[in-house]
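Observations on chain architecture
Spelled out from the first residue to the last, the chains are:
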Amino acid sequence: MRLRETQILLQVGALRCRATNPEIVRAYNRFVERARERLVRAEEQLVRHFGLETGRAAYDRFITEVANRHSEGMQAAGRCLVIARMLETDDASGGGFAEVLAALPVLPMAASAPCRSERAETVAARSPFDPLPE
């Protein structure tokens, strides 16, 4: 689901951009708090999408691949500004950004490359919906 992938993008962005924008972590945490129920439902749908027998392991590989892809993309100039604007949009709408994303069903693509665990640990070491440390 687009909501879950966007949450990963925002999480990676908040972690990468917090040194230059300390408010970004607080904005991310507000996003997660408002969208928690939708995020949990999106996660459950994705696990089911990957199948009952291998669902969780396949889902975890997919999430790691998505986080790695977004982490690599964070090197682009202006990416922190884009992440901050996405979070500002959610704040300004009182969670409306997450509502729009939740309404856009998108089937996940299969992981295309092996996961690099050293990067995944940075993002996936905690529950994906826990607040980030400031």
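The text that follows walks through the structure, step by step, so that each part is easy to find. Worth saying up front: this structure is predicted, and the values here are computed from it rather than measured.

1. Overview of the overall build of the chain
Broken down by element type, the chain carries six helices and zero strands. In sequence order, the secondary structure elements of the chain are arranged as α-α-α-α-α-α. Each of the 134 residues in the chain was classed as buried or not, and the buried ones make up 43%. Across the chain, the fraction of contacts at a sequence separation of at least 24, relative to all contacts at a separation of at least 6, is 80%.

2. Comments concerning the nonpolar core
Counting residues in each nonpolar core, the largest one holds 35 residues, and the members touching the most others are L10, I24, Y28, F31, I83 and L87. Those elements that provide at least two residues to this core are helix 1 (2–17), helix 2 (23–49), helix 3 (55–73), helix 4 (79–92) and helix 5 (96–102). Excluding residues within four positions of it along the chain, L10 makes contact with Y28, F31, I83, M86, L87 and F97.

3. So, the pattern of salt bridges
All told, the structure shown has nine salt bridges when counted by the stated rule. One salt bridge connects E5 with R69, and the closest N-O pair in it is separated by 3.2 Å. Here E5 is found in helix 1, whereas its partner R69 is found in helix 3, with 64 residues between them in sequence. Residue E5 is classed as partly exposed on the basis of its relative accessible area, which comes to 26%. The partner of D90 in a salt bridge is R34, and the shortest N-O contact between them spans 2.6 Å. Of the two residues, D90 sits in helix 4 while R34 sits in helix 2, which places them 56 residues apart along the sequence. Through salt bridges with shared partners, a single network forms among E23, R26, R30, R34, D90 and D91.

4. Side note on the environment of Y28
Within the secondary structure, Y28 sits in helix 2. Distance in space between the C-alpha atoms of Y28 and P131 is 7.9 Å, their sequence separation being 103 residues.

5. Here's the deal with the state of the cysteines
If you walk through the whole model with that rule in mind, you get one disulfide. A sulfur-sulfur separation of 1.9 Å characterises the disulfide bridge that pairs C17 with C80. Measuring handedness by torsion sign, the sulfur bridge of C17 and C80 sits at about -85 degrees and is left-handed. Residue C17 is located in helix 1, and its partner C80 is located in helix 4; the two are separated by 63 residues in the primary sequence. Residue class for C17 comes out buried when judged on its relative accessible area of 0%. A relative accessible area of 27% places C80 in the partly exposed class.

Rules and cut-offs
- Residues numbered from 1 in each chain as written.
- Predicted model: local features only at pLDDT ≥ 70, side-chain atom pairs only at ≥ 80, totals over all residues.
- Heavy atoms only, no water.
- Helix = DSSP H or I, 4+ residues; strand = E, 2+ residues; numbered from the N terminus.
- Buried < 20%, exposed > 50% of the residue type's maximum accessible area, 1.4 Å probe, protein only.
- Contact = heavy atoms within 4.5 Å.
- Core = buried A, V, L, I, M, F, W, Y, C linked by side-chain atoms within 4.5 Å.
- Salt bridge = Lys/Arg side-chain N within 4 Å of Asp/Glu carboxyl O.
- Disulfide = S-S within 2.5 Å.

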